[in-house]
Amino acid sequence: MQHTVSTKTLVKASISAVVVAAIALVTFILPAEYNIDPTGLGGKLGLTALAQAAEMEAAPVEKTKGSDEFQTIEVTVPAGRGIEYKFYMKQHDKMTYEWLTDGEPLYFDLHGEPEGDTTGYFESYAIATSNEMKGSYTTPFAGSHGWYWKNKSDKPVSVQLLVKGQYEVIGLKQ
């Protein structure tokens, strides 16, 4: 007995396959591969963490929690390049910080990116060029918060970052 499939059945099957593929793309692939999470489900399933881990070129994710004592972090900003060093903080968490370079000033942007946002939005708390900075802040929203440093010189610049407060270290992003 030979089974034949009608054109109508093939069209329905093709459309169904495209719909299932689109759902898989938006729900699973984009959050896991590109940290794009339009539905918010990827974050809840932990898939966006996969993309964020892949973006960390120079340093693995450190699950270090903040404390009442200063944690010292050493970072090198390559000549003519920029890097980001980030922390995960919940809304209204507090951080006290101090950073200084080995002499050369760096352009910096202290900023935060809301958790689950896929638009690329970020909020800057301080932007300047300096070889040191000291202060504290309270996060207005949950997400990743930290510094972008840009080295405009022709030699690497070392940064010593001291932090204490309520945070989890995400680490270095280049």
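Criteria and thresholds
Residues numbered from 1 in each chain as written. Predicted model: local features only at pLDDT ≥ 70, side-chain atom pairs only at ≥ 80, totals over all residues. Heavy atoms only, no water. Core = buried A, V, L, I, M, F, W, Y, C linked by side-chain atoms within 4.5 Å. Buried < 20%, exposed > 50% of the residue type's maximum accessible area, 1.4 Å probe, protein only. Helix = DSSP H or I, 4+ residues; strand = E, 2+ residues; numbered from the N terminus. Contact = heavy atoms within 4.5 Å. Patch = residues over 30% accessible without salt bridge, like charges linked within 9 Å, V, L, I, M, F, W, Y side chains within 5 Å. Areas by Shrake-Rupley, 256 points an atom, 1.4 Å probe, with all protein chains shown as cover. Salt bridge = Lys/Arg side-chain N within 4 Å of Asp/Glu carboxyl O. Pairing = 2+ DSSP bridges. Axes fitted to C-alpha atoms, helices over the stretch in contact; angles between N-to-C directions. Polar contact = N/O pair within 3.5 Å; in protein donor to acceptor, adjacent residues only side chain to side chain. pLDDT = per-residue confidence, 0-100.

## Thoughts on the nonpolar core
Burial of nonpolar side chains together is a common tendency in soluble globular proteins.
Stage number 1. In terms of nonpolar packing, the biggest core is built from 25 residues, with Tyr85, Phe87, Trp99, Trp147, Trp149 and Leu161 touching the most fellow members.
Stage number 2. Of all the secondary-structure elements, those providing two or more residues to this core are β1 (71–77), β2 (82–89), β3 (94–101), β4 (106–114), β6 (132–138), β7 (143–150), β8 (157–165) and β9 (168–173).
Stage number 3. Those residues in contact with tryptophan 147 that lie beyond four places of it in its chain are Ile83, Glu84, Tyr85, Phe87, Met95, Tyr97, Trp99, Phe108, Asp109, Leu110, His111 and Leu161.

## Comments concerning a nonpolar patch on the surface
Stage number 1. Together, Val11, Ile15, Val19 and Ile23 give the surface a local cluster of nonpolar side chains, amounting to about 350 Å² of exposed area.
Stage number 2. On the secondary structure map, isoleucine 15 appears in helix α1 (residues 7–34).

## Concerning the pattern of salt bridges
Stage number 1. All told, the structure shown has 2 salt bridges when counted by the stated rule.
Stage number 2. Here glutamate 84 ties to lysine 86 by a salt bridge, and the two come within 3.5 Å at their closest N and O atoms. In this structure, glutamate 84 and lysine 86 share a single accessibility class: buried.
Stage number 3. Three or more residues joined by partner-sharing salt bridges are found here, namely Glu84, Lys86 and Glu113.

## Describing the sheet that holds β2
Stage number 1. Overall, antiparallel pairing links the 5 strands, which are arranged β5-β4-β7-β2-β9 in an open sheet. Since the sheet does not close on itself, it has two edges, and those belong to β5 (123–130) and β9, each with one partner. Averaged over all neighbouring strand pairs, the angle between strand axes comes to 15°, with direction disregarded.
Stage number 2. As paired elements, β2 and β9 share 5 bridges and run antiparallel to each other. Residue pairing across strands places tyrosine 88 opposite glutamate 168, the latter belonging to β9.

## Here's the deal with the environment of serine 6
Stage number 1. Note that serine 6 resides in the segment before α1.
Stage number 2. A residue is classified by how much of its surface remains accessible, and serine 6, at 36% relative accessible area, is partly exposed.
Stage number 3. At a separation of 2.9 Å, a polar atom in the side chain of serine 6 contacts the side chain of threonine 9.

## Let's talk about the confidence of the model for the protein
Stage number 1. Mean pLDDT for the protein: 84, with 79% of residues reaching 70 or above.
Stage number 2. The low-confidence segment residues 52–63 (pLDDT under 50) makes 20 contacts with residues lying over four places distant or belonging to another chain.

## As for the side chain of serine 153
Stage number 1. Structurally, serine 153 is set in the loop between β7 and β8.
Stage number 2. For serine 153, the side chain forms a polar contact with the side chain of asparagine 151, separated by 2.6 Å.
Stage number 3. At a separation of 2.9 Å, a polar atom in the side chain of serine 153 contacts the main-chain carbonyl oxygen of lysine 155.
Stage number 4. Setting aside its immediate chain neighbours within four residues, serine 153 contacts Ala79, Gly80 and Glu104.

## A word on the sheet that holds β1
Stage number 1. Pairing in this open sheet of 4 strands is antiparallel, and the strands run β1-β8-β3-β6 from one edge to the other. In the strand order of this sheet, the two ends are held by β1 and β6, each with one partner. When the angles between neighbouring strand axes are averaged without regard to direction, this sheet yields 20°.
Stage number 2. Bridge count for β3 against β6 is 7 bridges, and the pairing is antiparallel. Within the sheet, the bridge partner assigned to methionine 95 lies in β6 and is tyrosine 137.

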